[in-house]
Amino acid sequence: MENHIRPPQPLSNNSPKTWLLWKEEFIIFMKLLGHMSRPEYYKANLFKNFIGPVGLEIISKLSFDHPNDKDNLDIIIKKIDEYHNPPRKEIERRYQFFNSSMKSNETIENYIQSLKEKAKECKFDNLEESLIIDVVILHAKDKELRKKYLQENNLNCEKIIEIYKNHRIATLESSSTTNSTALPKQKNKPIPVSKETESSNVSQKKSCWRCKSTHEVRQCPAWNYKCKNCGELHHFEISCRNVASSQNKPCYKNMNNLNKNGKPGNHNKTLNNLLK
């Protein structure tokens, strides 16, 4: 059966994810072969043999408290874990804990749970729950809610959740009652559209002398039409100005010259002839 157990391949790179997968595969291999009960130096050297050049380079960068720690598998694995995920200082973890406020889209249960997880890394021991309560009260943005927290005797995490939910329900009910009794808002009257605005949306038309009709600009039916009266373009016969001007000319335009001989009676004679 041991011949069918596949040993782990050498570590391909030094990324944290690759290391975690390789570590899990190596531990499974050791358990299947029953090597976990072997001496520490044996397990440590077997580990170094399988981890390959990339892993050996990481081990060379590690610092050990005692020379014998290099032959201890548990210590080597712990050191490599810290190499990929360096432990933060306790004061930094506590700083983040005390500055943890509830997010707008976060439930009270999730908020309390996140505080508990952060508190475990801070080593508060027996003060863990009391400090969680302090953080919740400290970061409560609703003054009425904070007041309810402070008025409660023997406050714990379960009571915080209960008080928070009851306060939220009361707030929503109060808001709903206020909205139902409020006067309905008047609808805004539509803004009247001016005639100028309406006319701007309609195609502009004009009265045309060329065709004696009304049409849109540059849509005259007489355009390029040749008038039969005068022979010119762009107007119908009914609109011909040349004919109209010739008809309106007086046939006696030189009437003032009828008496150019200075003889009396010539003017009346000529006028009578014209009126016949």
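Above: the structure in question.
Since the structure is predicted, the reported quantities are computational estimates derived from the model, not experimental observations.

Things to note about the overall build of the protein chain
Here is step 1: Within the protein chain one finds 11 helices and 2 strands.
Here is step 2: Along the protein chain, helices and strands appear, N-terminal first, in the series α-α-α-α-α-α-α-α-α-β-β-α-α.
Here is step 3: Within the protein chain, the fraction of its 276 residues that count as buried is 25%.
Here is step 4: Put simply, of all contacts in the protein chain between residues at least 6 apart along the chain, 43% involve residues at least 24 apart.
Here is step 5: As presented, the protein chain carries roughly 21400 Å² of accessible surface, and 50% of it is formed by carbon and sulfur atoms.

Examining the pattern of salt bridges
Here is step 1: Summed over all chains, the structure comprises 7 salt bridges.
Here is step 2: With a closest N to O distance of 2.8 Å, Arg6 and Glu25 form a salt bridge. Of this pair, Arg6 sits in the segment before helix H1 (16-33) while Glu25 sits in helix H1, and the two are 19 residues apart along the sequence.
Here is step 3: Residue classification places Arg6 among the exposed residues on the basis of a relative accessible area of 55%.
Here is step 4: For Glu25, a relative accessible area of 25% translates into the label partly exposed.
Here is step 5: Note that Lys23 and Asp81 form a salt bridge whose closest N and O atoms lie 3.2 Å from each other. One end of the pair, Lys23, is in helix H1; the other, Asp81, is in helix H3 (residues 73-84), and 58 residues separate them in sequence.
Here is step 6: You can call Asp81 partly exposed: its relative accessible area is 25%.

Structural notes on the side chain of His167
Here is step 1: Position of His167 among the secondary structure elements: in helix H8 (residues 157-181).
Here is step 2: On the basis of relative accessible area, His167 is assigned to the buried category, the value being 8%.
Here is step 3: There is a polar contact of 2.8 Å between the side chain of His167 and the side chain of Asp142.
Here is step 4: Excluding anything up to four places from it in sequence, His167 contacts Asp142, Glu144, Leu145 and Lys148.

Notes on the nonpolar core
Within soluble globular proteins, side chains that are nonpolar generally end up buried alongside one another.
Here is step 1: Counting 23 residues, the largest nonpolar core has Phe97, Ile132, Val136, Tyr149 and Ile160 as its most contacted members.
Here is step 2: When residues of this core are traced back to their parent elements, those giving at least two are helix H5 (108-120), helix H6 (128-138), helix H7 (143-151) and H8.
Here is step 3: The leading source of residues in this core is H6, at 6 residues.
Here is step 4: When neighbours within four sequence positions are excluded, Ile132 is seen to be in contact with Phe97, Ile112, Leu115, Lys116, Ala119 and Cys157.

Topic: H5
Here is step 1: The end-to-end C-alpha distance of H5 is 19 Å, a good match for the 18 Å that 13 residues give at a rise of 1.5 Å each.
Here is step 2: Along H5, the residues that are buried comprise Ile108, Tyr111, Ile112, Leu115 and Ala119. For H5, the arc enclosing every buried residue in end-on projection is 95°, short of the 170-degree limit, so these residues lie on one face.

Topic: the packing of H5 against H6
Here is step 1: Between H5 and H6, whose axes approach to 10 Å, the crossing angle comes to 130°. In terms of their interaxial angle, H5 and H6 are classed as oblique. Once H5 is placed against H6, the crossing between them reads as right-handed. Residue-level contacts link Tyr111, Ile112, Leu115, Lys116, Ala119 and Lys120 of H5 to Glu128, Ile132, Val135 and Val136 of H6.
Here is step 2: Here the residues of the contact of H5 with H6 sort into 7 nonpolar, no polar and 3 charged.

Observations concerning the environment of Lys79
Here is step 1: Mapped onto the secondary structure, Lys79 falls in helix H3.
Here is step 2: When neighbours within four sequence positions are excluded, Lys79 is seen to be in contact with Leu62, Ser63 and Phe64.

Focus on unusual backbone geometry
Here is step 1: A positive phi angle, close to 55°, is found at Asn154, a residue other than glycine.
Here is step 2: Positionally, Asn154 belongs in the loop between H7 and H8.
Here is step 3: Judged by its relative accessible area of 68%, Asn154 falls in the exposed class.
Here is step 4: For Asn224, which is not glycine, the phi dihedral falls at a positive 70°.
Here is step 5: Relative to the helices and strands, Asn224 is located in the loop between strand E2 (213-216) and helix H10 (241-247).

About the thresholds
- Residues numbered from 1 in each chain as written.
- Predicted model: local features only at pLDDT ≥ 70, side-chain atom pairs only at ≥ 80, totals over all residues.
- Heavy atoms only, no water.
- Helix = DSSP H or I, 4+ residues; strand = E, 2+ residues; numbered from the N terminus.
- Buried < 20%, exposed > 50% of the residue type's maximum accessible area, 1.4 Å probe, protein only.
- Contact = heavy atoms within 4.5 Å.
- Areas by Shrake-Rupley, 256 points an atom, 1.4 Å probe, with all protein chains shown as cover.
- Salt bridge = Lys/Arg side-chain N within 4 Å of Asp/Glu carboxyl O.
- Polar contact = N/O pair within 3.5 Å; in protein donor to acceptor, adjacent residues only side chain to side chain.
- Core = buried A, V, L, I, M, F, W, Y, C linked by side-chain atoms within 4.5 Å.
- Expected span 1.5 Å × (residues − 1).
- Arc of directions from axis to C-beta.
- Axes fitted to C-alpha atoms, helices over the stretch in contact; angles between N-to-C directions.
- Parallel < 35°, antiparallel > 145°, perpendicular 65-115°, else oblique.
- Left-handed = near helix turned anticlockwise from the far one by under 90°.
- Nonpolar A, V, L, I, M, F, W, Y, C, P; charged D, E, K, R; others polar.

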